[in-house]
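Residues per chain, in single letters:
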Amino acid sequence: MKSFQTNRQAVRRFLLDTQHLLSHYEGMADPSAIKSASQMIRQLECVQLDAVASVARNQHLVLAARVPGYQPDMLNELLSQGYLFEYWANAACTIPMDDYPLFEATRIRFRNQMREELDKLGAVVDDVVEKLRLEGPLPSRSFRAADRVHGAWDHKYPRTKATSHALNLLLDTGMIRVVRREGSERFFDLTERTIPRKLLQEAENMDVSESNKALLEKYMRAYRVFDAGDARLGWQKMSAAERQAVIMKRVEDGMVIPLEIEGVRRQYYMLAEDLDRLKSHDKHLQELLSDDDPIIFLPPLDNLLWRRERLVDLFDFSYKWEVYTPKAKRRYGYYAMPILAGDRLIGRVDPGLDRENQVLTVRLLQIDPDVEVTPSLRGNLKTSLEAFAAFHGARDITVERAEQDIRIF
């Protein structure tokens with residue numbers, strides 16, 4: 001199929017539109033925020049989960065940025081009601097329940113990889129499964145073990161409880177699942193009795209190639225603009241040559257279109273079904289977004305940020321999450337969040353929350369040097385910080401450090 005010639009601004013507006021982050025996006029038609037959250041996860045394909053809680057966790061910030069009226073307990077309610085399941089997609093994600101069969105190849109791959117480790121734990125695994133069968137759903141604290149083993153994050157010495165390791169292995173292989181959360185605590189139960197029978201049968205009847213094909217298509221819908229260099233392509237294990245081959249097969253079949261983006265050397269692709277939507281943005285570029293467009297603070301694992309190279313190519317914005325960077329070497333901060341203004345990424349905000357005193361602390365407010373800090377932009381930053389604080393139940397905001405002359409409080 002012939003490639004489509006376009007420019008960076010059109011592609012990034014298309015991308016923001018499909019990620020539901022353009023300022024003119026009006027949200028869901030359904031007036032219920034919890035139903036809107038469920039629909040949003042379906043449209044995004046999945047939302048990445050993370051335990052870091054400098055402010056609200058990543059999954060809640062992703063949804064709050066897109067769904068008016070969203071509150072964190074809504075996601076937990078959707079999980080406990082069976083509308084969602086948690087599993088590995090871009091990483092650990094919350095995913096619409098209807099997609100459960102699509103991940104059968106991933107579950108099979110994990111079962112093959114972890115069979116030996118499960119066998120080593122032997123009776124511990126059997127005891128965990130039997131306890132869940134008799135008493136579930138249960139939190140991890142319900143399982144006690146004196147033995148310590150090498151878990152995923154252990155290095156020199158074994159520090160992980162044998163039962164905790166068993167739970168993690170059973171989660172990855174799909175034998176158990178998280179059925180609800182209370183705060184940061186997960187409750188586990190057997191998959192076989194918590195997934196609708198119809199979906200279990202569909203998964204059982206789905207072969208590996210069919211599952212991988214479905215996962216690749218789900219990945220493409222989630223990313224919308226993608227490239228063969230992404231090692232996560234299709235959320236499955238593929239070599240660089242295999243990634244290129246699966247994309248070119250879909251180009252030949254007319255399902256995928258190569259993009260020639262002015263000023264961008266990397267080869268990007270999109271789904272053919274999205275072409276008209278991109279053309280619409282390409283056609284209306286003269287309708288510039290203004291300084292009055294609201295500010296959105298994006299969490300470090302937001303869907304838009306998954307492919308860091310794409311941010312550089314389309315937004316001229318380099319982003320690194322510094323949570324794993326030693327404190328002395330951090331440039332922007334532990335939880336620095338990109339600032340989206342209209343169709344531009346203009347800087348970073350590093351927030352922290354004093355929950356006891358209900359204070360939102362901005363450790364750093366940074367605007368890139370080439371961005372003019374107009375009165376309108378300054379006002380929008382103030383409004384967005386106030387809304388961000390209100391979402392977290394904070395009554396006061398403290399800005400510890402600001403780059404450029406940004407006086408908003």
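Refer to the structure printed above.
Fair warning: this is a prediction, and the values are worked out from it, not measured in the lab. (Residues numbered from 1 in each chain as written. Predicted model: local features only at pLDDT ≥ 70, side-chain atom pairs only at ≥ 80, totals over all residues. Heavy atoms only, no water.)

(A) Summary view of the pairing of strand E9 (residues 185–190). Judged from the two bridges that link them, strand E5 (residues 138–139) and E9 form a sheet pairing that is antiparallel. Paired with proline 139 across the bridge in E9 is phenylalanine 187. In terms of strand pairing, strand E8 (residues 176–182) meets E9 through six bridges, oriented antiparallel. Its bridge partner being in E9, valine 178 is matched across the sheet by phenylalanine 188. (Pairing = 2+ DSSP bridges. Helix = DSSP H or I, 4+ residues; strand = E, 2+ residues; numbered from the N terminus.)

(B) Structural detail: empty space enclosed by the protein. Considering all chains together, one arrives at one cavity of 30 Å³ or more under this definition. Thr18, Gln19, Gln43, Leu44, Arg221, Ala222 and Arg224 are the residues that line the largest cavity. Taken together, the elements giving at least two residues each to the lining of the largest cavity come down to helix H2 (33–44) and helix H9 (208–223). (1 Å grid on protein atoms, 1.4 Å probe; cavity = no way out; pocket = protein on both sides within 12 Å on 5 of 7 lines; lining within 4 Å. Points joined across faces, edges and corners; volume = space filled by probe spheres on them.)

(C) Representation of helix H11 (residues 275–283) in the model. For H11, every residue scored as buried is listed here: Leu275, Leu278 and His281. Take H11 and look down its axis: the buried residues cluster within an arc of 125°, on one side only. Relative to its buried face, H11 has exposed residues pointing more than 90 degrees away, namely Asp276 and Lys283. The inward-facing, buried residues of H11 contact strand E1 (4–7), helix H1 (8–18), strand E11 (256–262) and strand E12 (268–271). (Buried < 20%, exposed > 50% of the residue type's maximum accessible area, 1.4 Å probe, protein only. Arc of directions from axis to C-beta. Contact = heavy atoms within 4.5 Å.)

(D) Seen up close, the packing of H1 against helix H12 (residues 308–315). Close contact between H1 and H12 brings their axes to 9 Å; oriented N to C, the two are set at 130°. One finds that H1 runs oblique with respect to H12. The segment H1 lies against H12, with Arg8, Val11, Arg12, Leu15 and Leu16 engaging Arg310, Val312, Asp313, Leu314 and Phe315. Partitioning the contact of H1 with H12 into residue classes produces six nonpolar, no polar and four charged. (Axes fitted to C-alpha atoms, helices over the stretch in contact; angles between N-to-C directions. Parallel < 35°, antiparallel > 145°, perpendicular 65-115°, else oblique. Nonpolar A, V, L, I, M, F, W, Y, C, P; charged D, E, K, R; others polar.)

(E) Layout of the sheet that holds E8. Read from one edge of the open sheet, three strands run E5-E9-E8, paired in antiparallel fashion. Of all the strands in the sheet, just E5 and E8 have a single pairing partner and so form its edges. Against the sheet, helix H6 (residues 123–135) contacts E5, E8 and E9, and its axis sits at roughly 90° relative to E9.

(F) Summary view of the nonpolar core. Of all hydrophobic cores here, the largest spans 76 residues; its most connected members are Phe297, Phe315, Ile339 and Leu381. Sequence-distant contacts of leucine 381, defined by excluding residues within four places in its chain, comprise Ile295, Phe297, Ile339, Leu365, Ile367, Ile406 and Ile408. (Core = buried A, V, L, I, M, F, W, Y, C linked by side-chain atoms within 4.5 Å.)

(G) Quick look at the state of the cysteines. Scanning the entire structure with this criterion turns up zero disulfides. The cysteine cysteine 46 is free of any disulfide, with cysteine 93 supplying the nearest cysteine sulfur at 3.9 Å. (Disulfide = S-S within 2.5 Å.)

(H) Representation of the side chain of glutamine 59 in the model. Inspection of the secondary structure assignment puts glutamine 59 in helix H3 (residues 58–64). Residue glutamine 59 is classed as buried on the basis of its relative accessible area, which comes to 4%. Polar side-chain contacts of glutamine 59 include one of 3.0 Å to the backbone nitrogen of aspartate 50. Once residues within four sequence positions are removed from consideration, glutamine 59 is found in contact with Val47, Gln48, Leu49, Asp50 and Leu75. (Polar contact = N/O pair within 3.5 Å; in protein donor to acceptor, adjacent residues only side chain to side chain.)

(I) Quick look at the pattern of salt bridges. As enumerated under the stated definition, the model contains 31 salt bridges in all. Residues glutamate 130 and arginine 133 are paired through a salt bridge, measuring 3.9 Å at the closest nitrogen-oxygen approach. Taken together, the residues span about one helical turn, with glutamate 130 and arginine 133 both in helix H6 at a distance of three residues. Classification of glutamate 130 by relative accessible area gives partly exposed; the value is 38%. The class of arginine 133 is partly exposed, set by a relative accessible area of 37%. Arginine 331 is paired through a salt bridge with glutamate 403; the nearest N and O atoms lie 3.0 Å apart. (Salt bridge = Lys/Arg side-chain N within 4 Å of Asp/Glu carboxyl O.)

(J) Examining unusual backbone geometry more closely. The omega angle of the peptide bond from glycine 136 to proline 137 is 5°, so this bond is cis rather than trans. Among the secondary structure elements, proline 137 is positioned in the loop between H6 and E5. Within the chain, histidine 20 stands out as a residue other than glycine whose phi angle is a positive 60°. Residue position: histidine 20 is located in the loop between H1 and H2. Taking the relative accessible area as the measure of exposure, histidine 20 reaches 7% and is therefore buried. Phi at arginine 224 takes a positive value of approximately 65°, unusual for a residue other than glycine. If you trace the backbone, arginine 224 turns up in the loop between H9 and strand E10 (225–226).

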